[in-house]
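Summary of the model geometry
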Amino acid sequence: ARAELKGLGLHPASLPLGVDIDAWLKDGKTGWDAFPNTGAGKVDAQTGPLAAALADRNVELETGAHVEYLEASSDVRTIAAVHYRQNGTLKKVTPKLVILSAGAVNSAVILLRSPSPDGKGLANRSDQVGRNFMNHNSSAMLAIDPRRRNTSVYQKTLMLNDYYLSDGKGGKPLGNVQLLGKIDGHILRANVRLAPQFALDFMAGHAVDWYLMCEDLPDPESRIMVDGKDIVMQWRRSNMQSLDGLTKVMRENFRACGYPIVLSRPFDKRTPSHQCGTVKMGDDPATSPLDPFCRSFDHRNLFVVDASFLPNSAAVNPALSIAAQALRVADHIRKTELVA
Ligand SMILES: Cc1cc2nc3c(=O)[nH]c(=O)nc-3n(C[C@H](O)[C@H](O)[C@H](O)COP(=O)(O)OP(=O)(O)OC[C@H]3O[C@@H](n4cnc5c(N)ncnc54)[C@H](O)[C@@H]3O)c2cc1C
């Protein structure tokens, strides 16, 4: 695929990955990557920083603890307690610093469920908590050549940013293109119920599987809300014309590379895998819950450090940006809160 795309004058490059491919393949030749690797094959929060932190005797991990809400101090300027349920029992801790990292949906939910004098939840003077929910506009695209079998196991290795800043003709940005984990006939079955399994196996075995990803823009009416025990996701998609444009140009490119069949299907709200933006950072407490170091403007000892801080979604996988900001925030906390 790299040579074929280069032949069109495009610039495919290796995808930055936190994967130890030998460790990954040791447990089985698994091509699909969308699940945690229980070995050490995929660097995630557990295999990376958490394992290292737990080696410190000052660090303890509570497992099976579901945080329900935060409690503010009587002057509401700090967070006094974190209330969580563990094995059916409601418990609380009263830490000096609270770092909320429950992800863009659940961090917003925890803040919205936290009692506050104005009833809007905590850290929410700006009324932006839960708003600006973004998820990428993305599609799977299968480039199929019935004459060529795709024998790759770990396929997710290549990306293309030729259409990231413009459509290639001076028009608006489209997005990023990258290989997916290898799709097989059973994965196709989940979406195409009526086709016979042998046809799906053949199709998957002769396909190169791509992921097209475009920016979703912030919109205050695109929201995560709570309704009693329920979480309500009101996702208002934006910028779909970028996905349409990227789909069109990549379809043409793959046909020019010799794949006579190119199929695509957009991901919908059932796969909000890149959700972000619900507790955004910014300079102004009137419009953002967090400052640029992810500190709550309303409660000095509260930091929210996960995909919710992102003020926009860009058009790339978010994990490395979240990790980079987490390291930056950690350094800031060390300098401002942990000095002797
Ligand atoms: C299938 C899939 C594939 C992906 N592939 C990539 C990729 O290749 N590259 C990439 O950059 N990104 C990828 N992503 C996106 C990436 O995983 C997320 O952007 C990233 O993990 C978000 O980090 P986070 O810290 O915001 O939240 P999370 O990583 O989701 O962490 C939130 C944590 O909080 C816990 N939690 C939630 N609610 C509570 C609660 N009430 N009490 C206690 N704990 C709670 C959760 O269990 C979880 O451990 C993928 C996502 C999915 C779903």
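Residues numbered from 1 in each chain as written. Predicted model: local features only at pLDDT ≥ 70, side-chain atom pairs only at ≥ 80, totals over all residues. Heavy atoms only, no water.

Side note on the pattern of salt bridges
By the definition in use, this model includes 14 salt bridges. Among the salt bridges present, the one from Arg 125 reaches Asp 298, with a minimum N-O distance of 2.9 Å. In this pair, Arg 125 is assigned in the loop between α4 (103-113) and β6 (137-144) and Asp 298 in the loop between β12 (261-266) and β13 (302-304), connecting sequence segments 173 residues apart. Between Lys 335 and Asp 331 there is a salt bridge, with its nearest N and O atoms 2.8 Å apart. A residue pair is termed a helical-turn pair when its members lie 3 or 4 positions apart in one helix, as Lys 335 and Asp 331 do in helix α8 (residues 319-337) at four residues. Given the relative accessible area of 54%, Lys 335 is considered exposed. For Asp 331, a relative accessible area of 28% corresponds to the partly exposed category. One salt-bridge network, in which partners are shared between bridges, spans Glu 4, Asp 145, Arg 147 and Arg 148. (Salt bridge = Lys/Arg side-chain N within 4 Å of Asp/Glu carboxyl O. Helix = DSSP H or I, 4+ residues; strand = E, 2+ residues; numbered from the N terminus. Buried < 20%, exposed > 50% of the residue type's maximum accessible area, 1.4 Å probe, protein only.)

Examining helix α7 (residues 240-256)
Between the first and last C-alpha of α7 there are 25 Å, a value that for 17 residues agrees with the 24 Å anticipated at 1.5 Å per step. Three or more residues of α7 are buried, namely Ser 242, Leu 243, Leu 246, Thr 247, Val 249, Met 250, Asn 253 and Phe 254. Contact partners of the buried residues in α7: α1 (2-7), β6, β7 (158-160), β8 (176-179), β9 (207-214) and β12. Directly after α7, the chain includes Gly 258, whose backbone phi takes a positive value near 100 degrees. (Expected span 1.5 Å × (residues − 1). Contact = heavy atoms within 4.5 Å.)

Here's the deal with the domain arrangement of the protein
Once the domains are mapped, the protein shows domain 1 (2-17 + 135-266) and domain 2 (62-128 + 276-337). Distance from the C-alpha centre of domain 1 to the C-alpha centre of domain 2: 32 Å. Between domain 1 and domain 2, the contact holds 18 residues from the first and 14 residues from the second. Of the roughly 1,300 Å² buried between domain 1 and domain 2, counting both surfaces, carbon and sulfur atoms make up 59%. Summed over the three residues of domain 1 that lose the most area to domain 2, namely His 136, Ile 224 and Val 226, the buried surface amounts to 35% of that side. In this assembly, domain 1 and domain 2 are joined by zero salt bridges. Breaking the side of domain 1 that touches domain 2 down by element, the ones donating at least two residues are β8, β9, β10 (223-227) and β11 (230-234). Of the residues forming the side of domain 1 that touches domain 2, the biggest block, three residues, is contributed by β10. Broken down by class, the residue content of the side of domain 1 that touches domain 2 amounts to nine nonpolar, five polar and four charged. (Domains from an automatic or database assignment. Buried area = accessible area lost by both parts, 1.4 Å probe. Nonpolar A, V, L, I, M, F, W, Y, C, P; charged D, E, K, R; others polar.)

Some thoughts on the site of the ligand
Taken together, 18 residues form the shell around the ligand, and within it Val 67, Lys 156, Ala 307, Asn 317 and Ala 319 come nearest. One of the backbone N or O atoms of Val 67 is found 2.8 Å from a nitrogen atom in the ligand. Lys 156 is positioned with one of its side-chain polar atoms (N or O) 2.5 Å from an oxygen atom of the ligand. Out of a free accessible area of 1,000 Å², the ligand has 57% covered by protein chains. Of all elements in the fold, only β2 (65-72), α4 and α8 reach the threshold of two or more residues within the shell around the ligand. (Near = heavy atom within 4 Å. Polar contact = N/O pair within 3.5 Å; in protein donor to acceptor, adjacent residues only side chain to side chain. Areas by Shrake-Rupley, 256 points an atom, 1.4 Å probe, with all protein chains shown as cover.)

Regarding the sheet that holds β2
The strand order β2-β3-β4 describes an open sheet built from three strands, whose pairing is antiparallel. A strand with exactly one partner marks an edge of an open sheet, and here the two such strands are β2 and β4 (89-93). Taken pair by pair, the neighbouring strands of this sheet meet at an average axis angle of 25 degrees, ignoring direction. Sheet topology places strand β3 (residues 79-86) next to β4; five bridges connect them, and they run antiparallel. Bridge pairing links Gln 86 to Thr 89 in β4. (Pairing = 2+ DSSP bridges. Axes fitted to C-alpha atoms, helices over the stretch in contact; angles between N-to-C directions.)

Here's the deal with the packing of aromatic side chains
For the coordinates displayed, the defined rule picks out five aromatic pairs. On the basis of an interplanar angle of 80 degrees and a centroid distance of 6.3 Å, the ring pair of Phe 133 and Trp 235 is categorised as edge-to-face. Taken together, the residues Phe 133 in the loop between α4 and β6 and Trp 235 in the loop between β11 and α7 connect sequence positions 102 residues apart. When the ring of Phe 254 is compared with that of Tyr 259, the centres are 6.5 Å apart and the planes differ by 90 degrees; the resulting orientation is edge-to-face. In this pair, the class of Phe 254 matches that of Tyr 259, namely buried. An aromatic cluster is built from Trp 210, Phe 254 and Tyr 259, whose rings are joined through pairwise contacts. Taking NZ or CZ as reference, Arg 148 lies 4.6 Å from the ring centre of Tyr 259, over its face. Here the guanidinium or amino end of Arg 328 rests over the ring plane of Phe 293, the centre of that ring lying 4.2 Å away. (Phe/Tyr/Trp six-rings, centres within 6.5 Å; stacked < 30°, edge-to-face > 60°. Lys NZ or Arg CZ within 6 Å of the ring centre and 35° of its normal.)

Here we look at the state of the cysteines
If you walk through the whole model with that rule in mind, you get zero disulfides. The thiol of Cys 214 is not disulfide-bonded; the next cysteine sulfur, from Cys 276, is found 14 Å away. Considering cysteine sulfurs only, Cys 214 is the nearest to Cys 257, which forms no disulfide, with 19 Å between them. Judged by relative accessible area, which is 12%, Cys 257 ranks as buried. (Disulfide = S-S within 2.5 Å.)

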